[in-house]
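Residues per chain are reported as follows:
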Amino acid sequence: MSTLRRVAYGAAGLGRSWIELAAEAPLRRFGLIERTDGAGLVPAYRQTFCASQCVLSIAHGHWGIDPELTSIGAIGNTACCRLDDLIFDAAVGSRIATAVRDGDMVILCGPLGSGRRSLLSEIARASGHDVFVVDSPSLSPDRTILRRQLRAVMREARLLELTPLFRGFESFLPSDQQERLAIFEDEVSGLVLATSTRAPARRWKRQPVVIEMAELRATQRAEVWARSLPEATNQDTQILATMFPLTPALVMAASEAARKLAGDEAPEASHIEAGVGSVLDNQLSGLATRIRVEQSWKDFVLPAEQIASLVELLARIRRRSKVYEEWGFGSKLGKGLGVAALFSGPPGTGKTMAAGLIAAELRVPLYQIDLSKIVSKYIGETEKNLGAVFDAAEAGHAILLFDEADSIFGKRTEVKSSNDRYANQETNYLLQRLETFKGVCILTTNHDAGIDEAFRRRLSVHVKFPVPEVDERRNLWRALIPADAPLASGVTFDALAERFEMSGGYIRNAVLRAAFLAADRDVPIDSTLLLQAATTEYEAMGKVIASTTL
């Protein structure tokens, strides 16, 4: 070994040779050489080394990625468009090009499918840099393995003259991932690109250039639809851009799904709507379920005060662009430009139905969050699942519905154990996501006193759904019996409304009970059957009525 050092460095370079063979020196740090004497405590003068497999592969003319990295990344531009084909804000493109030229770390933030990776890849390519796309969520949670993976990424990038592009960088941002993010900072240097759904809040050792992907204007969204559906007219694409303001990637996926549904025919509105639905279902698969309502506003009974609050909520959703952009309120308010509403009240008062009617009125999908799939006992998994839901909803312009929201938006507690600390950590994460969420989120609860005060301050509208009064109950009994149902003559709902203090959900159950009893006996729905059904439902509620005479 001593002879080889003298050959390589000369007598004057012996000190440098020892430094370069140290454990943290580049040759060993990046895995270019490996020890052959085992990993034990062997004196430095007895340590032996050989060239690593990746170096030998290159020496034999194979310029591929280390097999260890194929599961987390791939060489080359994975975008499907050239730079000239992409639709983006010119100022954003200029900032990226400047940062790439200066060799900075660039984090491009925006919704899923907004073209962040394509834009970074193509601007880097235009500057002479091919990219190595690394899937950040696939990197190991183990800190030792993560450090080795990042070193291997940087080694391959230097050997193959590639620029690393970390997609899904938001996986490094939750509060429980700060140690992994610190490792990332230690191991990654030079020109590095990353995509994230939100901007990082951190004191960096090396400050990255964080750029927000500008939301496409209506005319740009129409152009995306026109490219995805060439057979559509200009008027059609403008309507689609208004009805389905999706990100470009989701537009392309929805258009492809619509073509498959249409077969040999040109896609129609029903095919496109179904295509959009299938794409969003796929994005939220396993975490949320799409809710559709068959009722209309005519079936909805609520006091005038609550109706006025729902009208205000619709106005906030519909007129956000005018108020925040045209009138300039967005620059004054900064964060919190989304809409969050709380519907509170006893069970069966119409909270979920109201959310469904609002979604139908706006012609946007409504997804009910499955909290059993969201909340996890594993540290960090709940935040990861919530992040996926918010990201998908923002990209697809879907409304999120959190039923029994007090179970996840509940008040923070005094920290007495690690469980309390992690529960509060999840609540803090929700607060941050709700603060930056640009979509529409509706929370429902039977116990609004359990909602954390910090969430209350972020609510755009709070609608309280009361138990209906006598007149409202009478209208509900009448409204819930379809026109085609055989109703016996002489049936009135006055006595039912006065005797049975029930919300709309329980009245619906009672009407359905009476209908099945009538169908089984092949008779019209009469007062006796309605009374019997109402009494049974009332008892199921834990209440008793003394008299059963109408």
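Residues numbered from 1 in each chain as written. Predicted model: local features only at pLDDT ≥ 70, side-chain atom pairs only at ≥ 80, totals over all residues. Heavy atoms only, no water.

Considering empty space enclosed by the protein
Phase 1: Overall, the coordinates contain 1 cavity of 30 Å³ or more when judged by the stated rule.
Phase 2: Of the pockets and cavities examined, the largest cavity occupies roughly 40 Å³.
Phase 3: Lining the largest cavity are Met243, Phe244, Pro245, Leu246, Val276, Arg363, Val364, Pro365, Gly396 and His397.
Phase 4: Split into classes, the residues belonging to the lining of the largest cavity amount to 7 nonpolar, 2 polar and 1 charged. (1 Å grid on protein atoms, 1.4 Å probe; cavity = no way out; pocket = protein on both sides within 12 Å on 5 of 7 lines; lining within 4 Å. Points joined across faces, edges and corners; volume = space filled by probe spheres on them. Nonpolar A, V, L, I, M, F, W, Y, C, P; charged D, E, K, R; others polar.)

Points about the sheet that holds strand β10 (residues 339-344)
Phase 1: In spatial order, the strands read β9-β11-β12-β13-β10-β14; together these 6 strands make up an open sheet with mixed pairing. Pairing within the sheet leaves two strands with one partner each, and these edge strands are β9 (288-291) and β14 (461-464). Each adjacent strand pair in this sheet contributes to an overall mean axis angle of 25°, direction not counted.
Phase 2: In terms of strand pairing, strand β12 (residues 399-402) meets strand β13 (residues 440-445) through 4 bridges, oriented parallel. Bridging from a neighbouring strand, Ile399 pairs with Val440 of β13. (Pairing = 2+ DSSP bridges. Helix = DSSP H or I, 4+ residues; strand = E, 2+ residues; numbered from the N terminus. Axes fitted to C-alpha atoms, helices over the stretch in contact; angles between N-to-C directions.)

Focus on the packing of aromatic side chains
One pair of aromatic rings is described through two measures. These are the centre distance and the angle between the planes.
Phase 1: Summed over the entire model, instances satisfying the criterion amount to 12 aromatic pairs.
Phase 2: Both rings, one in Phe500 and one in Tyr538, keep their centres 5.2 Å apart while their planes meet at 85°; by these two values the pair is edge-to-face. Of this pair, Phe500 sits in the loop between α22 (494-499) and α23 (504-521) while Tyr538 sits in helix α24 (residues 527-540), and the two are 38 residues apart along the sequence. Both residues of the pair, Phe500 and Tyr538, belong to the buried class.
Phase 3: Ring-pair connections join several aromatic residues into one group, and the members of that group are Phe390, Phe402, Phe409, Phe437 and Phe455.
Phase 4: Over the ring of Trp204 we find Arg202, and its NZ or CZ is 5.8 Å from the ring centre. (Phe/Tyr/Trp six-rings, centres within 6.5 Å; stacked < 30°, edge-to-face > 60°. Buried < 20%, exposed > 50% of the residue type's maximum accessible area, 1.4 Å probe, protein only. Lys NZ or Arg CZ within 6 Å of the ring centre and 35° of its normal.)

What to know about the sheet that holds strand β8 (residues 209-212)
Phase 1: On the basis of which strands lie adjacent, the open sheet formed by 6 strands has the order β3-β5-β6-β7-β4-β8 and mixed pairing. Each end of this open sheet is capped by a strand with a single partner; those strands are β3 (73-75) and β8. Taking each pair of neighbouring strands and ignoring which way they run, the sheet shows an average axis angle of 20°.
Phase 2: Two strands pair when backbone bridges link them, and strand β4 (residues 105-109) and strand β7 (residues 192-196) are joined in this way by 5 bridges, in the parallel orientation. Residue pairing across strands places Leu108 opposite Thr195, the latter belonging to β7.
Phase 3: Helix-sheet contacts for helix α6 (residues 116-126) involve β4, β5 (130-135), β6 (162-167) and β7, and the interaxial angle to β7 is about 165°.
Phase 4: Those strands touched by helix α7 (residues 143-159) are β5 and β6, and its axis lies near 145° from that of β6. (Contact = heavy atoms within 4.5 Å.)

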